[in-house]
Amino acid sequence: MLALSGLMMLAGFLLGSQPLPAAAQTQQHQTQTPAAKPAPAVKTEPAKPDASKQDPAKAAADSAAGAGAAAPAGAPAAEGTSGLPLPRFVSLRSDQVNMRAGPGARYPVDWVYMRRDLPVEVIQEYETWRKIRDPDGAEGWVHQSMLTGRRTIMVRKDKAMLRRTADDTASAAAYLSQGVIGKLLQCPKGSDYCRVEVEGYQGWLRRNELWGAYKAEAIN
């Protein structure tokens with residue numbers, strides 16, 4: 001009888017008449033549980049980078065951001081670390097000037113200028129390095145010792161008329177080729193002309209025909 005009873009219980013278990021073991025019940029319940037909803041996203045403020053580990057070029061750009069961006073055309077926007085206005089025009093001091101990718105000697109040289117007195121625009125400062133923009137729009141970093149405050153201009157128009165007076169009807173003192181460099185002598189306030197000297201010739205050149213002076217800049 002015991003053997004027959006045990007056989008019947010085993011058959012009942014196999015036919016599903018008996019409850020599943022606890023482990024099987026648990027597994028079945030887990031597979032039928034709907035997927036949980038993901039937790040809502042939480043916005044967190046990103047950690048601020050350590051200023052001591054920032055790249056100098058990026059640090060210089062960040063410090064100048066906003067200062068020159070809103071500057072009115074032809075007018076300096078702010079002061080650099082040197083106390084001089086930014087942006088401003090200067091010129092190259094030497095016949096060979098290396099323009100680097102960043103403010104330091106460890107940065108690669110992107111360009112070598114072989115033209116003394118070329119007018120360039122200082123747009124950023126970092127310690128003893130200056131970020132410049134040349135007449136073609138190229139930008140890079142040069143050491144401050146390679147720059148001078150001497151003001152020069154580059155002629156932007158071929159056969160530009162150098163006039164004897166600051167007047168559209170004035171006669172020509174000379175005709176200037178595009179790319180010629182000269183000295184900037186004077187830019188009266190409110191005038192469309194600047195007085196320049198190019199290869200011994202002095203006269204007046206329209207501001208929109210030269211690179212080296214801002215539209216509304218007054219130079220006496």
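Worth saying up front: this structure is predicted, and the values here are computed from it rather than measured.

> I'm lost on the overall build of the protein chain in this one. Help?
Summing up its helical and strand segments, the protein chain has three helices and 16 strands in all. Across the 220 residues of the protein chain, 33% fall into the buried class. Long-range pairs, those at least 24 residues apart, make up 52% of the contacts in the protein chain between residues at least 6 apart in sequence. As presented, the protein chain carries roughly 14300 Å² of accessible surface, and 55% of it is formed by carbon and sulfur atoms.

> Hey, could you run me through the state of the cysteines in this one?
In protein structure, a disulfide is the covalent linkage between the sulfur atoms of two cysteines. This model, assessed by the stated rule, comprises one disulfide. Residue Cys 187 pairs covalently with Cys 194 via a disulfide, S to S 2.0 Å. Its torsion about the S-S bond being 110 degrees, the disulfide of Cys 187 and Cys 194 is classed as right-handed. Comparing Cys 187 with Cys 194, the two get one shared label, buried.

> Is there a simple way to think about the layout of surface pockets in this case?
To locate leftover empty space, one rolls a probe as large as a water molecule over the atoms. In this structure, the second largest pocket encloses a volume near 220 Å³. In this structure, the second largest pocket is lined by 17 residues; those nearest its centre are Asp 192, Arg 207, Asn 208, Lys 215 and Ala 216. In terms of residue class, the lining of the second largest pocket is built from six nonpolar, four polar and seven charged.

> Explanation requested: the environment of Ile 123 in the structure shown.
On the secondary structure map, Ile 123 appears in strand E6 (residues 119-126). Judged by its relative accessible area of 17%, Ile 123 falls in the buried class. In this structure Ile 123 touches Leu 86, Pro 87, Lys 131, Arg 133 and Glu 139, once residues within four positions along its chain are discounted.

> What is the right way to look at the packing of aromatic side chains in this model?
Aromatic rings in a pair are described by how distant their centres are and how their planes are angled relative to each other. Within the structure shown, the criterion is met by two aromatic pairs. Residues Phe 89 and Tyr 214 carry aromatic rings whose centres are separated by 4.6 Å and whose planes lie at 45 degrees to one another, so their mutual orientation is tilted. Pair noted here: Phe 89 is in strand E3 (residues 88-92) and Tyr 214 is in the segment after strand E16 (210-211), with a separation of 125 residues, a long-range link. In terms of burial, Phe 89 and Tyr 214 fall into one category: buried.

> I'm lost on the confidence of the model for the protein chain in this one. Help?
As a general rule, the predicted coordinates of low-pLDDT regions are not to be interpreted in detail. Taken residue by residue, the protein chain gives an average pLDDT of 77. The fraction at 70 or more is 65%. Counting interchain partners and residues more than four positions distant, the pLDDT-below-50 stretch residues 63-73 has five contacts.

> What exactly am I supposed to notice about unusual backbone geometry here?
With an omega of -5 degrees, the peptide bond between Leu 86 and Pro 87 qualifies as cis. Structurally, Pro 87 is set in the loop between strand E2 (85-86) and E3. A positive phi is found at Asp 117, a non-glycine position, where the angle reads about 75 degrees. Structurally, Asp 117 can be placed in the loop between strand E5 (109-113) and E6. Unusually for a residue other than glycine, Glu 199 sits at a positive phi of about 50 degrees. Relative to the assigned elements, Glu 199 resides in the loop between strand E14 (193-198) and strand E15 (201-206).

> It is not clear to me how a nonpolar patch on the surface should be interpreted in this structure. Could you clarify?
On the surface, a nonpolar cluster with roughly 260 Å² of combined accessible area is contributed by Val 109, Val 112 and Met 114. One can find Met 114 in the loop between E5 and E6. With a relative accessible area of 58%, Met 114 lands in the exposed category.

> Before we go on, may I ask you to explain the nonpolar core in this structure?
The tendency in soluble globular proteins is for nonpolar side chains to be buried as a group. Judged by nonpolar contacts, the single largest core of 17 residues is most densely connected at Leu 92, Tyr 113, Leu 118, Val 120, Ile 132 and Leu 147. Of all the elements, E3 adds the most residues to this core, at three residues. Beyond its immediate chain neighbours, meaning those up to four positions away, Leu 118 contacts Val 90, Ser 91, Leu 92, Tyr 113, Pro 135, Thr 152, Met 154 and Ile 181. Of all hydrophobic cores here, the second largest spans 16 residues; its members include Ala 160, Cys 194, Val 196 and Leu 205.

Definitions and limits used
Residues numbered from 1 in each chain as written. Predicted model: local features only at pLDDT ≥ 70, side-chain atom pairs only at ≥ 80, totals over all residues. Heavy atoms only, no water. Helix = DSSP H or I, 4+ residues; strand = E, 2+ residues; numbered from the N terminus. Buried < 20%, exposed > 50% of the residue type's maximum accessible area, 1.4 Å probe, protein only. Contact = heavy atoms within 4.5 Å. Areas by Shrake-Rupley, 256 points an atom, 1.4 Å probe, with all protein chains shown as cover. Disulfide = S-S within 2.5 Å. 1 Å grid on protein atoms, 1.4 Å probe; cavity = no way out; pocket = protein on both sides within 12 Å on 5 of 7 lines; lining within 4 Å. Points joined across faces, edges and corners; volume = space filled by probe spheres on them. Nonpolar A, V, L, I, M, F, W, Y, C, P; charged D, E, K, R; others polar. Phe/Tyr/Trp six-rings, centres within 6.5 Å; stacked < 30°, edge-to-face > 60°. pLDDT = per-residue confidence, 0-100. Patch = residues over 30% accessible without salt bridge, like charges linked within 9 Å, V, L, I, M, F, W, Y side chains within 5 Å. Salt bridge = Lys/Arg side-chain N within 4 Å of Asp/Glu carboxyl O. Core = buried A, V, L, I, M, F, W, Y, C linked by side-chain atoms within 4.5 Å.

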